[in-house]
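# Architecture and fold: a report
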Amino acid sequence: MKVNSSLCDICGTCVAVCPVDAIRVSEFCVHIEMDVCTQCGNCLQVCPARAITVEGDAS
Ligand code: SF4
Ligand code: SF4
């Protein structure tokens, strides 16, 4: 999972849906802890700004 900082408006929606609490909010963007992330895809689906993408996704 990767967050595009230029698209993210720090709405916090992704943070609320992460079941493993892998998303941290910083001053200018959100950061996903990939050690913790289970790649469930929740954040990807709810982001209104479509700022989250699957890193290395070939599709
Ligand atoms: S893919 Fe799932 S586990 Fe990973 S950061 Fe998003 S909501 Fe959390
Ligand atoms: S849901 Fe999208 S726009 Fe909102 S904080 Fe998360 S990455 Fe940023």
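Each remark here, short or long, concerns the structure printed above.
All values reported here derive from a predicted model rather than from experimental measurement.

Further remarks concern the overall build of the protein chain. Across its full length, the protein chain holds two helices and four strands. Listing each helix as α and each strand as β along the protein chain from the N terminus yields β-α-β-β-α-β. Seen along its three principal axes, the alpha-carbon backbone of the protein chain occupies a region of about 25 × 25 × 20 Å. Looking at the protein chain as a whole, 27% of its 59 residues are labelled buried.

Moving on to the site of ligand 2. Taken together, 13 residues lie near ligand 2, and Cys8, Asp9, Cys11, Cys14 and Cys47 sit nearest. Residues belonging to the shell around ligand 2 are distributed by class as follows: 10 nonpolar, two polar and one charged.

Topologically, Asp9 is positioned in the loop between β1 (2–3) and α1 (13–17). Through-space distance from the C-alpha of Asp9 to that of Gln39 is 21 Å; in sequence the pair is 30 residues apart.

To continue, consider the site of ligand 1. Not every one of the 13 residues close to ligand 1 is listed here, only the nearest: Cys18, Cys37, Cys40, Gly41 and Cys43. Partitioning the shell around ligand 1 into residue classes produces nine nonpolar, four polar and no charged.

With that out of the way, let us pick up the nonpolar core. A general trend in soluble globular proteins is that nonpolar side chains are found buried together. In terms of nonpolar packing, the biggest core is built from 15 residues, with Val3, Ile23, Ile32, Cys43 and Ile52 touching the most fellow members. Ignoring sequence-local partners within four residues, the contact set of Cys43 consists of Met1, Cys14, Val17, Ile23, Ile32 and Ile52.

To continue, consider the pattern of salt bridges. A complete count under the given rule lists one salt bridge for this structure. Between Arg24 and Asp21 there is a salt bridge, and its shortest N-O distance comes to 3.7 Å. Since its relative accessible area comes to 45%, Asp21 is described here as partly exposed.

Conventions and cut-offs
- Residues numbered from 1 in each chain as written.
- Chains lettered and ligands numbered in written order.
- Predicted model: local features only at pLDDT ≥ 70, side-chain atom pairs only at ≥ 80, totals over all residues.
- Heavy atoms only, no water.
- Helix = DSSP H or I, 4+ residues; strand = E, 2+ residues; numbered from the N terminus.
- Buried < 20%, exposed > 50% of the residue type's maximum accessible area, 1.4 Å probe, protein only.
- Near = heavy atom within 4 Å.
- Nonpolar A, V, L, I, M, F, W, Y, C, P; charged D, E, K, R; others polar.
- Core = buried A, V, L, I, M, F, W, Y, C linked by side-chain atoms within 4.5 Å.
- Contact = heavy atoms within 4.5 Å.
- Salt bridge = Lys/Arg side-chain N within 4 Å of Asp/Glu carboxyl O.

Note that all results are geometric; they support no functional claim without further evidence.
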